Every structure is written in structure tokens, then in C-alpha cells.
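Given next are the chains, with one letter for each unit.
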Amino acid sequence: MDIDNHLELTQVGMKFPTPKGDFVALTDVNLRIKKGEFISLIGHSGCGKSTVLNVVAGLYKATDGGVILDNTEVNEPGPERAVVFQNHSLLPWLSVYKNVELAVKQTRQGRNKAEMRAWVEHNLELVHMTHAKDKLPSEISGGMKQRVGIARALAMEPKVLLMDEPFGALDALTRAHLQDSLMEIHAELGNTVIMITHDVDEAVLLSDRIVMMTNGPSATIGEILDVDLPRPRNRITLADDPAYNHCRHEVLSFLYEKQRKVENVADHQKKRESATEEKAKDASSAA
Ligand SMILES: Nc1ncnc2c1ncn2[C@@H]1O[C@H](COP(=O)(O)OP(=O)(O)OP(=O)(O)O)[C@@H](O)[C@H]1O
Ligand SMILES: [Mg+2]
């Protein structure tokens, strides 16, 4: 197997049908990802990051081009591509343990009971959640739920871990803690990861490459930054590292200089138009 062509997105395009005609969300998205690479997708809100992730997950079918994982075309969701969403989607009536067990049962046949238990417990251990394994999702914090979501995804032994703003809803400290856990897990398991984030520091800290997307419609990959920082990485020492700060600067300059959000102008225009319409209506009803 060619490890350089582990996961390939080729000419991926996505058009969504809308009442006003097709909306072209993505065009010509080309990306080759190596086995074990940690990729971040960053770009302004609405540019198409989740659409890219959903195409790789097989939840959306690209309207142009396609995705190949280890020489097999992606056409539907599969256990080799596990997804972690921002809103930890645990089943509320099942304990932490049972939530993870369910995923294992769905994907791994042929384990006996003892092996199954050991595997579930091993994955809960990876995210430091063994102590709460018998609790219900309602009894644990948001950060803990997110850990369980990650354990559940890892327990499926996916080739590719797809994460859509996995830490977006968490406070800064919990977030830092989970980033560190994710770095440890990635070092240990070597899964290929695609993670969407809005956080520039998070992207630089975790990634091997940062894929920066242009604003939509017809969004595509604008630039790709190689993050050549040695691992393991430490957030404190990196804060003063010129190479780290150079990476941050590159991403910030892409987002806030090269791809400055133009939507505000369009929004402003829309607001002005609707205000004019309102005035016209008021004038005609007053007449
Ligand atoms: N099912 C759909 N039908 C029509 N348009 C859609 C659909 N899904 C997404 N879009 C549009 O495609 C564009 C990209 O959406 P997407 O959710 O991928 O953005 P995103 O980069 O993940 O944004 P955010 O950072 O806010 O999560 C947006 O303009 C969105 O409105
Ligand atoms: Mg999104």
C-alpha cells in the first residue's frame, strides 16, 4: 500500500440544490493525506469545512470528483472512518461504558465477552474516563462527554478519525486538557486525523499540516501550511518558539488578510435592501 496516497480527495465539488437553484459550496478540492497524518481544516464560518468532512465520512456524496481511502472509493459511511461531532452525540439512556460498548459491538464481531470488556475499558482509559464508566451522560460534564465521544470513535479502530470542531463548545482549560490527550493518543495509535477547528493555536499545536480554505461559495483549498515542529509538543515551551509563532502568523494572515470575511459587506447590503423595502411598505400603508 502506498502510504503517501492513503486518503485522496480528487476534484471534490459539492452543489446543494436550493429553491433558487444550485448552491456551489465546494469546487476542485484536492488533497492527499498520508497514513497517520494529523490534518486541520480551518476557514471562516460557512466556507465548507463540514461539507468536506461529511464527504470523507460518506455522509454526503460529492457532486463532482471523489474520495479514495486505501484504494477504495468512499460511497457511504463506514467504521473505518469514525466521526466525532462538536455536540457529543452520546445515547442519553446508556452509561458511559455502554455507549462505548455499543460502538464496539457494531464494528467488531468475534470478540468474546472478556475481550470485549477489556477493549471498552482500554479505550475509556485512553481518554481517562474509567472512573465514570457507570455514569449516564447527564451525570458528567461537557468535556467528559466529549472524551467519551472520542473513546467511542477510537474503540471502532478507525483508519481515519474525523472531528468536526470537537472541542468547540468547551472552556479553554478543558480544551487544553483534551488537546493534550488527543496528542498523546495520536502519538500512541497513529490514526490519520482530519480535524476542523476555528482555533489557530489548536491547529498549529496539533497538526502536521493545516489546510486553509477560501471563503465560499465555490470554496476550495487556498493554502496548505506544513507545521514542522518536533513532537511531543508542549504548549508552554512553544509559546516562545519562533517556528510556532511563524506558523500562527501564516494562518492568521491567511484568515484575516487574504480571506477577510466579505460576508459582512453582503449582509450589510441585504439589510439595507430590506430596510428600504420596509420603508416602502410603511409608506404605502400610511398612504
Ligand atoms: N444541505 C445543504 N443545503 C444547502 N446548502 C448547504 C447545505 N449544507 C451546507 N450548505 C451551505 O454550504 C456552505 C458550507 O457549509 P458548511 O457547513 O460546510 O460550512 P462550515 O465551513 O462547516 O461552517 P461552520 O464553520 O459555520 O461550521 C454554507 O454556505 C452552507 O450554507
Ligand atoms: Mg461546520
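To be clear, the structure that these remarks concern was listed above.
Source: prediction; values computed, not measured. (Residues numbered from 1 in each chain as written. Chains lettered and ligands numbered in written order. Predicted model: local features only at pLDDT ≥ 70, side-chain atom pairs only at ≥ 80, totals over all residues.)

*Asks:* Give a description of the sheet that holds strand β1 (residues 7–18) that names residues and reports values.
*Replies:* Spatially, β2-β1-β4-β5 is the arrangement adopted by the 4 strands of the open sheet, whose pairing is antiparallel. A strand with exactly one partner marks an edge of an open sheet, and here the two such strands are β2 (21–33) and β5 (72–73). Both strand β4 (residues 64–69) and β5 contribute to a ladder of 2 bridges, which runs antiparallel. Looking at β5, one finds that L69 is bridged to T72. Sitting on the sheet, helix α1 (residues 49–57) is in contact with β1, β2 and β4, with an inclination near 65 degrees to β2. (Pairing = 2+ DSSP bridges. Helix = DSSP H or I, 4+ residues; strand = E, 2+ residues; numbered from the N terminus. Contact = placed C-beta atoms within 7 Å. Axes fitted to C-alpha atoms, helices over the stretch in contact; angles between N-to-C directions.)

*Asks:* Tell me about helix α3 (residues 113–126), and name the residues and values.
*Replies:* Taking 1.5 Å per residue as the helical rise, α3 with its 14 residues ought to reach 20 Å, and the 20 Å between its terminal C-alpha atoms agrees with that figure. Listed in full, the buried residues belonging to α3 are V120, N123 and L124. Projected onto a plane normal to the axis of α3, the buried residues spread over an arc of 105 degrees and lie on a single side. Counted as exposed and oriented over 90 degrees from the buried face of α3: A114, E115, A118 and E125. (Expected span 1.5 Å × (residues − 1). Buried ≥ 20, exposed ≤ 12 C-beta atoms within 10 Å, placed from the backbone. Arc of directions from axis to C-beta.)

*Asks:* Could you give an account of the pairing of strand β6 (residues 81–84), naming the residues involved and the relevant values?
*Replies:* On β6, burial covers both faces: R81 and V83 on one face and A82 and V84 on the other are all buried. One ladder, built from 4 bridges, connects β6 with strand β7 (residues 160–164); its direction is parallel. Considered in β7, the bridge of R81 is made with V160.

*Asks:* Which residues make up helix α5 (residues 172–189), and what values go with them?
*Replies:* With 18 residues, α5 ought to run about 26 Å at 1.5 Å a step, and its terminal C-alpha atoms sit 25 Å apart, in line with that. Two residues or fewer past α5, G190 is found with a positive phi of approximately 65 degrees.

*Asks:* Let's hear about the site of ligand 1: which residues, and what values?
*Replies:* Around ligand 1 lies a shell of 13 residues, among which F16, S45, K49, S50 and T51 are the nearest. At the level of elements, β1, β2 and α1 are the ones that each hand at least two residues to the shell around ligand 1. When residues of the shell around ligand 1 are assigned to their parent elements, the largest contribution, 3 residues, is made by α1. (Near = placed C-beta within 6 Å.)

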